[in-house]
Amino acid sequence: MAQWLIQNGHLIDPANGLDDVLDIRIVDGNVAAVGKSLTAEASDEIVNASGLIVSPGFIDIHCHLREPGQEAKEDLVTGTASAAAGGFTTILTMANTRPVIDQAIIVAGMKYKIQTDAVVRVEITGAVTKGLEGKELAEIGDMAQAGVRAFSDDGFYVNDGRLMRAALEYASMFNLPVISHSEDCCLVADGVMHEGCVSAKLGLKGRPAEAENIAVSRELMLAEMTGGHVHIAHVSSKGAVDLIRAAKAKGIKVTAEVTPHHLCLVDKTIESFDSAFKVNPPLRTNEHIVALLEGLNDGTLDAIATDHAPHAYEEKDCEFNDAPCGFAGFETAFSVLHSRFVKTGEWSVQKLIQKMTAGPAAAFDWQDRGHLSVGGLADLVLIDPNKAWVVDPQKLLTRGKSCPFAGMEMTGQVVRTMVNGKWVYQDGKITRK
Ligand code: NCD
């Protein structure tokens, strides 16, 4: 395996408190040394990273790779290529596949396929209920033993509180989190966007923020009752942020994530009736964004997660009411947030990187990820903070070409991604060097 010396990069490793121009040597898939002006060894292959940021590989704790069964939307090859292009070296894929990942045998099949098809580390979520139907608990123990890293019926709220309680109890026996898609099913009914002035004006049915707040409150109470770890997916409402903050203060075992789109886009974009903006939970208003930003600042929200949810272009290319929810997110995540918050001076780049590396790793207690410690995994990313580019969905590596950031100008882009000491993405292409 090649030995790499990455020289003169601006190394930002929030977990280790590093923020300096440093060299890093990679040997046999591990970080062998980090320091100022390391002396090159004969076997080093040198990468000049001056002007670039060197960061631990990003960790995405919420994505949909659509495999097995919905390969027209995405598969392990295209999904992990897209993740690598976005700088992600570990991703957690959700269970809403066909068949649903609700049995150990399906987990085993996924693990087998990941070995041949994936260019980044893929972790698996098992379903909470069989078939995501919300009626009967899935094989929690068997799937835990087969290696899932979390449980979730993401896409749906587990409506039956008794089942959610049992899931939290079982999952805690394996020290695993239960991820909640928190939207009260009855309140959202067939709503297609945030309920408010814009939905009223457009005549589209709404999904009120209260649906999220109510759903989150139950999860927090069940987490307190059971002592289990609940993770709130794609937090989008002010009420949810307030509830999670109060629960954390009380010592309840809760973690939470927020997506780039909920931080950057509002419901008003839907005045275009463009289905690229259709997602669950829905894009809300500035008032909610302000609360999400406060939640990120004070640690209420632990991580930024993409909720990469690709659909085939033809599926999205229809009336707003009929389009499926979600869109691709890996390849735009860093750049969108860097352009919107770092370039404008609102956030430091360290903060953004923390929420995409150490933050998610700590939320799920993945101690071997999210840092560049000597002796640890060589999963890293090189970023050009000044690279200007325009989002052209046709050029993205994902199969899901519908993108709410299409046509937007970005500053800052991932230029290389390394997983386990090998470059898997470089110059716009997947490599396996
Ligand atoms: C996701 C999907 O398409 O699987 N859609 C979405 O709008 N976010 C499901 C989910 O994450 O809730």
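Residues numbered from 1 in each chain as written. Predicted model: local features only at pLDDT ≥ 70, side-chain atom pairs only at ≥ 80, totals over all residues. Heavy atoms only, no water.

Focus: the environment of Lys395
So, step 1. Mapped onto the fold, Lys395 is located in the loop between β16 (380-390) and β17 (409-419).
So, step 2. Since its relative accessible area comes to 67%, Lys395 is described here as exposed.
So, step 3. Residues Lys395 and Gly428, spaced 33 residues apart in sequence, show a C-alpha to C-alpha distance of 9.4 Å. (Helix = DSSP H or I, 4+ residues; strand = E, 2+ residues; numbered from the N terminus. Buried < 20%, exposed > 50% of the residue type's maximum accessible area, 1.4 Å probe, protein only.)

Topic: the pattern of salt bridges
So, step 1. Enumeration over the complete set of coordinates arrives at 25 salt bridges.
So, step 2. Of the charged contacts, one joins Lys73 and Glu315 as a salt bridge, the two residues approaching to 2.7 Å between their closest N and O atoms. Taken together, the positions of Lys73 in the loop between β6 (58-63) and α1 (76-85) and Glu315 in helix α11 (residues 313-316) put the pair 242 residues apart, joining distant regions of the chain.
So, step 3. Glu271 serves as the salt-bridge partner of Lys268, at 3.3 Å between the closest nitrogen and oxygen.
So, step 4. One connected set of salt bridges, linked through shared partners, spans Glu123, Arg149, Asp368 and Arg369. (Salt bridge = Lys/Arg side-chain N within 4 Å of Asp/Glu carboxyl O.)

Focus: the sheet that holds strand β10 (residues 178-180)
Strand-to-strand pairing in sheets goes through backbone hydrogen bonds, with the strands running parallel or antiparallel.
So, step 1. The eight strands lie next to each other as β6-β7-β8-β9-β10-β13-β14-β15, forming an open sheet whose pairing is parallel. What marks the edges here is a single partner per strand, and that holds for β6 and β15 (303-304).
So, step 2. Of the strand pairs in this sheet, strand β8 (residues 121-126) and strand β9 (residues 150-152) are connected by two bridges, and their pairing is parallel. If you follow Gly126 over to β9, its bridge partner there is Phe151.
So, step 3. Running at roughly 170° to β8, helix α2 (residues 104-117) makes contact with β7 (88-93) and β8 of the sheet. (Pairing = 2+ DSSP bridges. Contact = heavy atoms within 4.5 Å. Axes fitted to C-alpha atoms, helices over the stretch in contact; angles between N-to-C directions.)

With respect to the side chain of His234
So, step 1. Topologically, His234 is positioned in the loop between β13 (230-232) and α8 (238-249).
So, step 2. At a separation of 3.4 Å, a polar atom in the side chain of His234 contacts the side chain of His181.
So, step 3. Apart from residues no more than four positions distant in its own chain, His234 is found in contact with His62, Asp154, His181, Glu212, Glu257, Thr259, His262, Asn280, Pro281 and Asp307. (Polar contact = N/O pair within 3.5 Å; in protein donor to acceptor, adjacent residues only side chain to side chain.)

Quick notes on the domain arrangement of the protein chain
So, step 1. Partitioning the protein chain into structural domains gives domain 1 (3-54 + 376-400 + 409-430) and domain 2 (58-363).
So, step 2. Inter-centroid distance (C-alpha atoms) of domain 1 to domain 2 is 27 Å.
So, step 3. Contact residues are listed per partner, giving 32 residues for domain 1 and 37 residues for domain 2.
So, step 4. Taken together, the two surfaces of domain 1 and domain 2 that pack against each other cover about 2600 Å², and 65% of this comes from carbon and sulfur. (Domains from an automatic or database assignment. Buried area = accessible area lost by both parts, 1.4 Å probe.)

A closer look at the packing of helix α12 (residues 330-342) against helix α13 (residues 349-356)
So, step 1. For the pair α12 and α13, interaxial distance at closest approach is 10 Å and the crossing angle is 150°. Note on packing geometry: the crossing formed by α12 with α13 is right-handed. The segment α12 lies against α13, with Ala333, Phe334, Leu337, His338 and Val342 engaging Val349, Leu352, Ile353 and Met356. (Left-handed = near helix turned anticlockwise from the far one by under 90°.)

Some remarks on a nonpolar patch on the surface
So, step 1. A cluster of nonpolar side chains, Tyr170, Met173 and Phe174, forms an exposed patch at the surface whose accessible area comes to about 310 Å².
So, step 2. Looking at the secondary structure, you find Tyr170 in helix α4 (residues 161-173).
So, step 3. According to the relative accessible area criterion, Tyr170 is partly exposed, its value standing at 41%. (Patch = residues over 30% accessible without salt bridge, like charges linked within 9 Å, V, L, I, M, F, W, Y side chains within 5 Å. Areas by Shrake-Rupley, 256 points an atom, 1.4 Å probe, with all protein chains shown as cover.)

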